[in-house]
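Single-letter residue listing:
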Amino acid sequence: MLTKRIIACLDVDGGRVVKGVKFLNLRDAGDPAELASAHSEAGADEIVLLDISATAEKRNTLLDTVRKTARQLFIPFTVGGGIRSLEDASAVFDAGADKVSLNSAAIAHPELITQIAERFGSQAAIVAIDAKKMDGRGYQVFAAGGRTQTGRDVCAWAREAESRGAGEILLTSMDRDGTGIGFDCELTRLISTNVRIPVIASGGAGSSAHFVEVFRDGQADAALAASILHYGITKLGDLKQELAAAGIPMRWPC
Amino acid sequence: MLARSTYGSVYSEHKGSFVSIAIVDYGAGNLTSVKKAFDWLGQAATVTSDADAVHRAERVIVPGVGHFAATATIDRNGLRKAIESAIQRGTPVLGICLGMQWMFASSAEASGLKGLGIFSGECEHFPATVKSPHVGWNRLHWGRESKLFANVDEEPFVYFTHSYRAPIDKYTVASCEYGGEFSAAVERDNVFGVQFHPEKSGTAGIKLLEAFCNLPC
């Protein structure tokens, strides 16, 4: 049976992981390559590295970071943040990424999704959508890290991304992000039932029960684990074990 | 280093001789990850679209992701002939993902094209009853005895990403279940194919690639 994926997310700024990881006894908690390997060993099904560097100088270190991280990682590896062109994507793939995650650039230039899918395959093109519930207008898409309202409907944009060649949707609830009160299962189910490609749920995880909910009620295919791992609330192995015990198909033991 | 502890046993136990490996580049996707896995195993793998380099290699990898139509490129540049003669000479050849599907007779994805025909049947799209593509970790189920899985005890989880699937053949050594059963790994003499990505399947995948390097020529 196809298992539900738990994806560990590393936020990187200038080549360093921004959020600490308390449970891992590492010499250097800020090294992306070391953290990615540690997550892989702990049972992560995939690694996502998001570059949140605000300045061009810091962004220049991204390829070096991707190369070092990829060299010792033998599970799927996605890189996102600041990928604006086919050239940007090509450089990230050459450095060892398996997939790229597009957000604002895909909204501004949707043809970029198709270009990447045609050159590297749909499986390599993830479209990340930041969604917020608006009174009377359903879920709306935001760009530029949640700062810019696009006026687009989330469901319509997810379908367009799929038709343009996206292989997966990384769906973040802005309302839940960082709250720890649980994923937005309504949003996740809405998108998951309206596209045929896998949906990765993100935002709001605070306990293993929240993952059970988003897989069962939200019909997510995968879920992103960021702060729940970073702040040591839950260990990855414990999380997967609890999900398996709750009847969610997991790659565990792995 | 932590990474060494994950895959270190594979790395340090590597006792096979070093072999030259040609990773055939026919324009179907990004081959960095495949090369990287062999680098990790200390093997000399080269990404190439040169038929002579394929001819000289002691191991041949036919990788690939994307549309079956991309395999038409193999027919140009003499690559198909080079792969076929490698098979005849007894050189171990491994097809990965699309590369494995190309070893079957044909695919409904591009019905005008002919595959190698080493394995029987036509690759078909997943049924509408399941989401497609099939993306993620799924468990293998052993079939007949395998050379590549000789060092893998339990049926492992491995990473898949594909929309078309190969039928069960008499040479199927591992199957997988997703909207029905399909061939996840096939072996016939010196020809091997895996639908999943061993370079992305953690320890089980690295062990499989190591076993491929260690096969007798």
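Conventions we followed
- Residues numbered from 1 in each chain as written.
- Chains lettered and ligands numbered in written order.
- Predicted model: local features only at pLDDT ≥ 70, side-chain atom pairs only at ≥ 80, totals over all residues.
- Helix = DSSP H or I, 4+ residues; strand = E, 2+ residues; numbered from the N terminus.
- Rg over C-alpha atoms; globule rule 2.2 N^0.38 Å.
- Contact = placed C-beta atoms within 7 Å.
- Pairing = 2+ DSSP bridges.
- Nonpolar A, V, L, I, M, F, W, Y, C, P; charged D, E, K, R; others polar.
- pLDDT = per-residue confidence, 0-100.

Q: So what's going on with the overall build of chain B? Which residues, and what values?
A: Helix and strand counts for chain B stand at 7 helices and 13 strands. Taking 17 Å as the expected radius of gyration for a compact globule of 217 residues, we find that chain B reaches 16 Å, a close match to that expectation. Structurally, chain B occupies a C-alpha span of about 45 × 40 × 30 Å along its principal axes. For chain B, long-range pairs separated by at least 24 residues make up 68% of all intrachain contacts whose partners lie at least 6 apart in sequence.

Q: Give a description of the sheet that holds strand 5 (residues 104-107) of chain B that names residues and reports values.
A: Residues and elements named next belong to chain B. Strand order in the open sheet formed by 3 strands is 5-6-10, and the pairing between neighbours is mixed. Each edge of the sheet is formed by a strand with only one pairing partner; in this case those strands are strand 5 and strand 10 (164-165). Sheet topology places strand 6 (residues 119-125) next to strand 10; 2 bridges connect them, and they run antiparallel. Bridged to Glu-124 within strand 10 is Arg-165.

Q: Which residues make up the interface of chain B and chain A, and what values do they have?
A: As a measure of interface size, the accessible area lost when the parts come together is often cited. Taken together, the contacts link 31 residues of chain B with 31 residues of chain A. Those elements giving two or more residues to the side of chain B that touches chain A turn out to be helix 1 (2-12), helix 2 (32-40), strand 7 (134-139), strand 9 (157-162) and helix 7 (202-213) of chain B. When the residues that make up the side of chain B that touches chain A are grouped by side-chain class, the tally is 12 nonpolar, 14 polar and 5 charged.

Q: An account of the confidence of the model for chain B is needed here, citing residue identities and associated values.
A: Residues and elements named next belong to chain B. In this model, chain B carries a mean pLDDT of 90, and residues with pLDDT of at least 70 account for 92%. Overall, residues 1-14 carries pLDDT values under 50, and its contacts beyond four positions in sequence, including any with other chains, amount to 23 contacts. Scored as a complex, the prediction yields pTM 0.93 and ipTM 0.93.

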